[in-house]
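# Architecture at a glance
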Amino acid sequence: MGADDLSALLRPLAFAEGTGLPPALWAVLARALSGHPWTTQDVSVVRDRWGGRLDETVTPTACDYRLRDPSEAQRLRDRGDRAGEQETQRAITAALLAEVPADGGTGRRDWSAAAPYIVRHLATHAGAGGVLDELLEDAEYLVHADPGGLLRACNAPGSAEGQMRRSVYRASADVHATVGLSERRDILAVDAARHGELGLARELSRFRPLRPRWATGSMVHLALRLTKAGRGVNTAACAVIGGRPHAVTGCYDSNVRVWDLVDGTEHLVITEDDGVYALDCVEIDGRPHVVTGTCSGGVRVWDLNTGTVRMALGGHKGWVRAVGCTVIDGRPYAVTAGEDCLVRMWDLVDGSEHARMSGHTDEVRAVAFAEVGGRPVAVTGGYDNTVRVWDLEDGVEHAVLTGHTSAVYSVACTVIDGVPHAVTGSGGELTARVWCLTDGSERALLSGHTSWISAVNCVSLDGRPHALTTGGDRTVRLWDLTDDSQRAVLTGHDGYVDVLACAAVEGRPYAVSGGHSSRPRVWDLCDALLPVARKGHTGTVEAVQAVTIEGRPHAVTGGDTTVRVWDLADGTERLTLPNQHRVEVLACATVDDRPHAVTGACCGDVRVWDLAAGTGIRSLPGHNQRVETLAWADVNGRPHVVTCDQDRTVRVWDLEDDTGRPFLSDRTRSAVRGMESVAIDGRPHLVTGSDDAALRVWRFTARSRRIIATVHTGHHSIRTLAHTVIDGRPHALTVGGNDTVVQVWDLADGTLRATLPGHASGVLAVACTTRDGRTDAITLDNGGTVYVWELAEVRLREKVELPARAQCVAAVGPDLVIGMGDDVVVLTRDNG
């Protein structure tokens, strides 16, 4: 075998990914790249004669091979010419695709039978060849591809057409990457619907018992790059380690985690002595380091290459809540502050305390850096509602900026039109403030958040200074500081966000956001500026119900400060009804042949709505606390509203009575969490579930009520309930506080008919439906799984995985309407 033949046979190994190529694919790629009909026998000759140049890895099915010497691999690639290498990668991609067997029935590629190397690494080759988006057109590939390889490849440049499918795949990759193929299929299908890609959703779910009919997309965004699996974080910063951008995050569990911003892989875990609530990164002696502050007053400097502590900086008493690093005259420094109200400056080369600055009268929460008048300054904010500017050369307080009416949680600095500015966020205000650091004036207010602002950061985008803000409304907002306009709203966090950090990834500005109750997310800020078509709630959907309007089934959802009415067939939003307070519960009924809803809010606000007219018709006074549950009930043949709030008072309202007083009021011993109107022996009753775990059946008569039955369920408490008819008898299904089972009770005699076991985590919601002569129960657990149970035989019929935790469900014919975070998701059994 001559040198040219040997090079031709070795060349595929120069492009091998992972542990390398198995012999069969080695031969396939040798033929594809050279045009010569090489065989596995030729490959065996090379392996036997020149095995010293190869690395061999034994796998369960064969052995994989790659070149041992990286320089030899580089020599065998296409002369370092990018166009040539891209062409080679396209040839490799085409050859590997040709090796995927076809399904005998459909003629489609059968990815379940593809070689493991193809499943793991095809995306990498396709991305390098610039043809990944063509590969993503195959919905089955999205299901079967190795998530790690495909997510890394998705960061390669792609087409505008392929951007949507990349976003669908990224949206819940932290969830679907670790589950089975059926579960991944469900999750991807729902995420496709959330992106408005209903064709893709149908294709992904064509073999599943329930498929997405439509979904809102309030919580998905094209700018998302990855979500870090695991727990939330208290603080974050970014650093370059080994030439790659990394996030460094601290948590109350005392761990500092260092992870790659591109693929989320964990590089290092550093364990502190206590919870880490502040940190920042800096380069010392040419090596990346992190300075950490803990809740017990410790400040340490850690080498991010080795994970070893370089020095400890002692002196703080109490929590260290602010750590910032800067470089002055080429020398690295850290500024730390916290519960003891002192701002300290440390020389990070020798560990000496450079300055100690006093002036704050309460805990200091934030620090950032700027240059004012040619001198380096630190800008701090804290619980005394002030922003203070300190000269770092002499440790003197330069200015005190006042105007905040509550604690300053965060500070960031930037330059606007050549002038240094600070951006600050407060824990009790809905606006961020922009301050001119030259004269101390307040330059602008950034308004748009609907809750407190807990973190700010600054970044340059398109050559213009921008600010990032986040907080209690779970959004990250991007502002152009030149004209103070809001450029983007990044959604998707399922908890409060109080951490922001920025970095550059391959020349593009990225942001990391997260919080104690919200896992870190990584965003490409260039893609944040893309237009987003968003519909739906901007807060958690707390309740869903069904109603018929003009002969068509509709869903009614309550969340944020709105009630929304949706046409179930196509997801058209028919009505948005504004409410003064956050809607927590709702119930629907037909009154005088017109659809009505009654809603209860967090501040005791109860309203009755005419859904056909789209108007509120009256408020029900007297509630001063959060409304826990409500229902419609028949009293003397007339519709009444029954409510219960946190003061444990059940009130019954006659809607034809304008006196402003309840028809009946009754303070109960235990808070009522669930209510349903039921028929027992042909007569209307009300069934309630309470904190004392009792199921009670109520009969209302003229100006009185009577509890005709009390069932002690055995739950620790009752979270919610539903009702249905089984074998002609009324039944109630009860959900306990943290139970993983649902109990089914015969209301005619109070006996336990069955339990629905097997939920992977606590059950959050239950609903019932009767269709085609069969009665089903639908349950949601805390892990994001939908269960459908056949109640007559007490058996689990099907399960569907959701991308995220869902909190409420209603059944309408073949459809399930689900509140999943801020989104409404409609699943259907209808294959039409």
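Below or above, wherever it landed, is the structure these notes cover.

### What to know about the overall build of the protein chain
Each helix and strand in the protein chain was counted, giving 14 helices and 58 strands. Compactness check: the protein chain gives a C-alpha radius of gyration of 31 Å against a globular reference of 28 Å for 832 residues, within 12% of the reference. Put simply, the protein chain has 832 residues, and 59% of those count as buried. Residue pairs at least 24 apart in sequence account for 44% of intrachain contacts in the protein chain once pairs closer than 6 positions are excluded. For the protein chain, the exposed surface amounts to about 32000 Å²; the carbon and sulfur share of it is 45%. Separation between the mean location of the 85 positive side-chain charges and that of the 108 negative ones in the protein chain comes to 4 Å.

### Remarks on the packing of helix α2 (residues 23–34) against helix α3 (residues 40–49)
At a closest axis distance of 8 Å, the pairing of α2 and α3 adopts a crossing angle of 105°. When the axis of α2 is compared with that of α3, the two are roughly perpendicular. For the pair α2 and α3, contact is made by Pro23, Ala24, Trp26 and Ala27 and by Thr40, Val43, Val46 and Arg47, respectively.

### As for unusual backbone geometry
The phi angle at Ser254 is positive, at roughly 75°, despite the residue not being glycine. Position of Ser254 relative to the elements: it lies in the loop between β6 (244–250) and β7 (255–260). For Asp592, which is not a glycine, the phi torsion comes out positive at approximately 55°. Tracing the sequence through the fold places Asp592 in the loop between β36 (583–591) and β37 (594–601).

### Considering the packing of helix α1 (residues 3–14) against α2
For the pair α1 and α2, interaxial distance at closest approach is 8 Å and the crossing angle is 110°. Taken together, α1 and α2 sit at an angle that is classed as roughly perpendicular. Crossing of α1 over α2 shows right-handed handedness. Across from Ala8, Leu9, Leu10, Arg11, Pro12 and Leu13 in α1, the residues of α2 making contact are Trp26, Leu29, Ala30, Leu33 and Ser34. Taken together, the residues that form the contact of α1 with α2 break down as nine nonpolar, one polar and one charged.

### Comments concerning the sheet that holds strand β35 (residues 573–578)
With respect to topology, four strands assemble into an open sheet ordered β32-β33-β34-β35, the strand pairing being antiparallel. The open sheet has two free edges, formed respectively by β32 (541–549) and β35, since each of these has just one partner strand. Each adjacent strand pair in this sheet contributes to an overall mean axis angle of 20°, direction not counted.

### Structural notes on the packing of aromatic side chains
Taken as a whole, this structure holds eight aromatic pairs when the rule is applied. For the pair Trp26 and Tyr65, a centre-to-centre distance of 5.8 Å together with 45° between the ring planes defines the contact as tilted. Placement of the pair is Trp26 in helix α2 and Tyr65 in strand β2 (residues 63–67), with a sequence separation of 39 residues. Residue placement shows Arg365 over the ring face of Tyr409; its charged tip is 4.5 Å from the ring centre.

### Describing the nonpolar core
The biggest cluster of nonpolar side chains holds 76 residues, and the ones touching the most others in it are Leu150 and Ile818. At seven residues, the largest contribution of residues to this core is made by α2. Residues in contact with Ile818, not counting those within four places in the same chain, are Leu780, Val786, Leu802, Ala806, Cys808, Val809, Asp823, Val824, Val825 and Leu827.

### So, the environment of Asp666
You can see Asp666 is positioned in strand β43 (residues 664–667). In this structure the C-alpha to C-alpha distance between Asp666 and Arg648, which are 18 residues apart in sequence, comes to 8.5 Å. Not counting chain neighbours up to four residues away, the residues in contact with Asp666 comprise Arg648, Thr649, Val650, Trp698 and Arg705.

### Focus on α3
Buried within α3 are the following residues: Val43, Ser44 and Val46. For α3, the arc enclosing every buried residue in end-on projection is 160°, short of the 170-degree limit, so these residues lie on one face. Along α3, the residues that are exposed and aim more than 90 degrees away from the buried face are Gln41, Asp48 and Arg49. Buried-residue contacts for α3 involve α1 and α2.

### Concerning the pairing of β7
Across the six residues of β7, five count as buried, placing the element largely inside the fold. In this structure, β6 lies alongside β7, joined through five bridges in antiparallel fashion. Within β7, the residue paired with Val248 across the bridge is Val258. Count of turn residues in the β6/β7 antiparallel hairpin: four residues, of which Ser254 carries a positive phi of about 75°. As judged from the five bridges shared by β7 and strand β8 (residues 266–271), these two strands associate in the antiparallel manner. Paired with Val256 across the strands is Ile270, a residue of β8. Turn length for the β7-β8 hairpin, with the two strands adjacent in sequence and antiparallel, is five residues, and the turn residue Gly264 shows positive phi of about 80°.

### Quick word on the pattern of salt bridges
Taken as a whole and judged by the stated rule, the model has 71 salt bridges. For Arg594, the salt bridge goes to Asp610, with nearest N and O atoms at 2.9 Å. Here Arg594, found in strand β37, pairs with Asp610, found in strand β38 (residues 606–610); they are 16 residues apart in sequence, far enough to count as distant. On the basis of relative accessibility, which here comes to 9%, the residue Asp610 falls in the buried class.

### Digging into the environment of Gly158
Within the secondary structure layout, Gly158 lies in the loop between α9 (147–153) and α10 (160–171). In sequence terms Gly158 and Gly130 are 28 residues apart; their C-alpha atoms lie 6.9 Å from each other. When residues no more than four places from it in sequence are discounted, the contact partners of Gly158 are Asp133 and Arg166.

### Concerning the environment of Ile617
Position of Ile617 relative to the elements: it lies in strand β39 (residues 615–619). Sequence spacing of Ile617 and Leu655 is 38 residues, and the spatial spacing of their C-alpha atoms is 9.9 Å. Among residues more than four places away in sequence, those in contact with Ile617 are His596, Val608, Trp609 and Asp610.

### Quick look at the side chain of Asp605
Inspection of the secondary structure assignment puts Asp605 in the loop between β37 and β38. The exposure class of Asp605 is buried, given its relative accessible area of 12%. Among the polar contacts listed, one links the side chain of Asp605 to the side chain of Arg607, at a separation of 3.1 Å. Non-local contacts of Asp605, meaning those with residues more than four positions away in its chain, are made with Asn579, Gln580, His581, Thr599, Gly600 and Val627.

### Here's the deal with the side chain of Thr713
Mapped onto the secondary structure, Thr713 falls in the loop between β47 (704–712) and β48 (718–726). A polar contact of 3.2 Å, which involves the side chain of Thr713, links it to the backbone nitrogen of His715. Other than its neighbours up to four places away in sequence, Thr713 contacts Ala693, Leu695, Ile718, Gln743 and Trp745.

### Some remarks on the state of the cysteines
What the rule picks out here adds up to zero disulfides. Counting only cysteine sulfurs, Cys413 is the nearest neighbor of Cys436, a cysteine outside any disulfide, at a range of 12 Å. The buried category is assigned to Cys436, whose relative accessible area is 11%.

Rules used in this analysis
- Residues numbered from 1 in each chain as written.
- Predicted model: local features only at pLDDT ≥ 70, side-chain atom pairs only at ≥ 80, totals over all residues.
- Heavy atoms only, no water.
- Helix = DSSP H or I, 4+ residues; strand = E, 2+ residues; numbered from the N terminus.
- Rg over C-alpha atoms; globule rule 2.2 N^0.38 Å.
- Buried < 20%, exposed > 50% of the residue type's maximum accessible area, 1.4 Å probe, protein only.
- Contact = heavy atoms within 4.5 Å.
- Areas by Shrake-Rupley, 256 points an atom, 1.4 Å probe, with all protein chains shown as cover.
- Lys, Arg positive; Asp, Glu negative; His and termini not counted.
- Charge placed at Lys NZ, Arg CZ, Asp CG, Glu CD.
- Axes fitted to C-alpha atoms, helices over the stretch in contact; angles between N-to-C directions.
- Parallel < 35°, antiparallel > 145°, perpendicular 65-115°, else oblique.
- Left-handed = near helix turned anticlockwise from the far one by under 90°.
- Nonpolar A, V, L, I, M, F, W, Y, C, P; charged D, E, K, R; others polar.
- Pairing = 2+ DSSP bridges.
- Phe/Tyr/Trp six-rings, centres within 6.5 Å; stacked < 30°, edge-to-face > 60°.
- Lys NZ or Arg CZ within 6 Å of the ring centre and 35° of its normal.
- Core = buried A, V, L, I, M, F, W, Y, C linked by side-chain atoms within 4.5 Å.
- Arc of directions from axis to C-beta.
- Salt bridge = Lys/Arg side-chain N within 4 Å of Asp/Glu carboxyl O.
- Polar contact = N/O pair within 3.5 Å; in protein donor to acceptor, adjacent residues only side chain to side chain.
- Disulfide = S-S within 2.5 Å.

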